[in-house]
Structures are given as structure tokens and as C-alpha cells.
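So the chains spell out like this:
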Protein chains: 2
Amino acid sequence: MPRSGEEARRRLQQATLELFLERGYDATTTAEIAARAGVTERTFFRHFLDKREALFDGEEAFRDALSNAVLEAPADLDPMGALLFAFGSVEKTLADNRSFSEPRAVVIARTPALQERVLTKTAGLIAALSGALRRRGVEGQVANLAAQVGMATFSYAASRWAEEPALALGAHLARAFEELQSLSSSTSRPGADR
Amino acid sequence: MPRSGEEARRRLQQATLELFLERGYDATTTAEIAARAGVTERTFFRHFLDKREALFDGEEAFRDALSNAVLEAPADLDPMGALLFAFGSVEKTLADNRSFSEPRAVVIARTPALQERVLTKTAGLIAALSGALRRRGVEGQVANLAAQVGMATFSYAASRWAEEPALALGAHLARAFEELQSLSSSTSRPGADR
């Protein structure tokens, strides 16, 4: 039996991920997760609300880290600059977490109930980033737009990073931003001559 | 009692919206909705799966209209150009639907369960737009990025349109695209000198 609470928590997360991969989300019970982790089901519920939450641990800390980084970004950075600064600041956290987050992405791709959870999580991240931009003096609707566009750019960079892990996330972020600039510099848009 | 099925459907939607506004989503039952619409509860379930779906009718048709418009956009339009063309093409549909969609937005803002539903709906729209862009020959990840950025730009335009309805959606879309260009033309980004 793992002795510390932290160790039990980590083992429960690992067991959750393994069982979701092996048997699928629906077929896995919290009792099986606890057994695999070598703890009681009661211990499971001391750490997590349900089996789904065992997969999304650390989300609040990640959201706070990102929005704090937006607030702490140099004052001369514009909204997208502040967001890119924040995304760059979590590179180590994300890199350290890859052995968990990559198989988790496989489980999520197979499981509609988890995809809904990811949508809620992403919406929460966007709201937090938008709130941080507003605290930097950005107007509300512009802050929402920037936070959504920033998150889309970050997701693009993270997907490319998964495809090409040898290149650092910072480099993928710079490329993603160039891709965004290229998309947005459209001269062929239909509204241009209206 | 309304005679035609279409008339009953329309009355059920209106009754759903009214009761959600008056009593809240949780406190409203399908029996009450049916009574308000002057039909039986059985008729309610002939039209809708549950009370939530009565609020989101026409979603599939709207998604198809948008993705078809992306496919039918002039071939020389780049990804954002094709998306703006598509958003512009649904202006009449959206304008005709405002007397329903605006009070619905009030209900949604008060109801977390409906906000989740909106996230799923928006994700479905983004996936459809991304699929349509791919069919225009846009690479998969770039199509995802463009669809997400396009949808964020559309949401910005729709919010501004709600604030300033005298100006046409097309004009708000053009302004939203300018705002996006302004955000994306950042020269102060931290990655610029890496």
C-alpha cells in the first residue's frame, strides 16, 4: 500500500488511465481503479469526485498558472503577446506531463463523455485568460476574442508538438502564431469591398 | 389545438422559451410546456427528445447551411475568406431568428446545463467548418485552426451585433475581421526574437 496521500493520488491517476485504455471508460469502475492502485475505494473518493475527475487532476492549478502568467507578462506586450508569453511559461509543466497527457488524449478521442469534459475545461481556460487580459486593461469583447484565438493557436502548437516532439513548444508556438498571421492577413475576403 | 405539426412545433419552442424565462430551466417540466403550447405531452415528445432540445431546434440545418456555404464559396477565396463568405450567407436566417435567439441567450446565461449544450453545439459547428475547409484542400490542422479562429471572430461579430443591431451583421463581421488582424499583427510578441 502506498504510504503518503500524494503517492496514492498519483497511483490512482495512473490506474485510471491504464484501465480506461485497456477496458474503456464506461466499463471501468472506481473499485477496479482502487484495486489496481492498491488502495481502498474509499481512498479513491477521498481524492476524486468520480472516475472522470481522476483524469483531469491539476486543471485548476494549470489554469491559475496560465492566467497569472498573463498578469505578470511585461507591460509592453499587447494581448496576443501576453498570451504567447503565458503559453511559453507552461512549457516545462506540459513537457513533464507528456507521459500522462499523450495516452490520455488517446482515451479522450475514444470517449464522447470525456470530450464534453474537455470542452468545459477549455471554456474555463478561455474565460480565465479573458479575465486576465481584462485586468491588463483590454476591453471585454476584445479580451474574449483574443483569448479564444490565443487558445486555438496554442492548441494548434500543441498538436504540432505531439507530431514533432523534437522541436520545443516555444518554437511550435512561434510557428503557430505565423500560421495565424497568414490566415488573418487574408486579402481575398468577401467583405473587403463592401 | 394547433392543427399542423409545424405549428405545434413552433408553439412548443415558444412555450419552452417562455417557461424557462419565467420559472427557470430546472423548474420547468415538459408537461407544463405542452400545456402552455396547447398540445399533449405526447406531442412534445413527438417533436423533441427533451426540454433542452426544444431550445436548440434547427441546429443541424444551420450547421449544414454554413458548411455548404464554405464549399460553395468562390474558389479564389482563402480559408478565412471562405469562412467570412459562409458567415455572411446566414445573415438573413440569423436576423429572422433574433426574437427567439436573444431571449434564449438570457436563459442560457442563467443555466449551466444549457451552457454545456452550447459548447457541444459550437464544437460541432467548428468541426463541420473544418471539414468543409479540408474539402477545399486546406491541410487538416490549419483547417482546425482557421475554423476555430473563424468561429471566434463570428462570435465577436454576433456579440457586437446584439449591442448595435442597427448595423448589419456583414458590417460587424468586417469589423471583427479587422479586430482579428489587429490582434494578429502583434509585433511585441515574446517569441519574435527567438
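Basis of the calculations
Residues numbered from 1 in each chain as written. Chains lettered and ligands numbered in written order. Predicted model: local features only at pLDDT ≥ 70, side-chain atom pairs only at ≥ 80, totals over all residues. Heavy atoms only, no water. Domains from an automatic or database assignment. Contact = heavy atoms within 4.5 Å. Buried area = accessible area lost by both parts, 1.4 Å probe. Salt bridge = Lys/Arg side-chain N within 4 Å of Asp/Glu carboxyl O. Nonpolar A, V, L, I, M, F, W, Y, C, P; charged D, E, K, R; others polar. Axes fitted to C-alpha atoms, helices over the stretch in contact; angles between N-to-C directions. Helix = DSSP H or I, 4+ residues; strand = E, 2+ residues; numbered from the N terminus. Parallel < 35°, antiparallel > 145°, perpendicular 65-115°, else oblique. Left-handed = near helix turned anticlockwise from the far one by under 90°. Least-squares fit on C-alpha atoms with pLDDT ≥ 70 in both. Buried < 20%, exposed > 50% of the residue type's maximum accessible area, 1.4 Å probe, protein only.

A.B. asks: A description of the domain arrangement of chain A should follow, citing residues and the corresponding values.
C.D. replies: Residues and elements named next belong to chain A. We note that the domain assignment places domain 1 (5-54) and domain 2 (58-185) within chain A. The straight-line distance from the C-alpha centre of domain 1 to that of domain 2 is 28 Å. In this assembly, nine residues from domain 1 lie in contact with ten residues from domain 2. Interface area for domain 1 against domain 2, summed over the two sides, is near 860 Å², with a carbon-plus-sulfur share of 71%. Of all residues in domain 1, the largest losses of buried area upon contact with domain 2 belong to L17, L21 and R52, amounting jointly to 56% of the total for that side. The interface formed by domain 1 and domain 2 contains one salt bridge. With a shortest N-O distance of 2.8 Å, R117 and E53 are connected by a salt bridge. In the side of domain 1 that touches domain 2, the residues fall into five nonpolar, two polar and two charged.

A.B. asks: Can you lay out the packing of helix α4 (residues 59-72) of chain B against helix α8 (residues 112-135) of chain B for me, pointing to particular residues and giving the numbers?
C.D. replies: All names here are of chain B. Contact pair α4 / α8: the axes reach a minimum separation of 9 Å and the direction vectors enclose 25 degrees. In terms of orientation, α4 and α8 fall into the roughly parallel class. As α4 runs across α8, the sense of the crossing is right-handed. In this structure, α4 uses E59, F62, R63, L66, S67, V70 and L71 to contact α8, whose residues at the interface are R117, K121, G124, L125, A128, L129, A132, L133 and R135.

A.B. asks: Summarise the relation of the copies chain B and chain A; cite the residues concerned and give the values.
C.D. replies: Structural alignment of chain B on chain A gives an RMSD of 0.0 Å, achieved by rotating through 180 degrees and translating 0.0 Å along the axis. Accordingly, the operation relating the two chain copies is best matched by a two-fold axis. For chain B, the minimum C-alpha distance to the rotation axis belongs to B:V149 and amounts to 2.7 Å. Most of the interface of chain B is mirrored in chain A: 100% of its interface residues are interface residues there too.

A.B. asks: Give a description of the environment of B:L129 that names residues and reports values.
C.D. replies: All names here are of chain B. Mapped onto the elements of the fold, L129 is located in helix α8. By relative accessible area, L129 is classed as buried at 1%. As for L129 and R63, which are separated by 66 residues in sequence, their C-alpha atoms are 8.3 Å apart. Residues in contact with L129, not counting those within four places in the same chain, are L66, V70, L83, F87, A147 and M151.

A.B. asks: Requested: an account of the environment of B:T28, with residues and values cited.
C.D. replies: Residue and element names in this part refer to chain B. Along the chain, the position of T28 falls in the loop between α1 (5-23) and α2 (30-37). Note on T28: relative accessible area 2%, which makes it buried. Sequence-wise, T28 and F87 are 59 residues apart; in three dimensions their C-alpha atoms are separated by 34 Å. With sequence-adjacent residues up to four places away left out, T28 is seen in contact with L19, F20, R23, I33 and K51.

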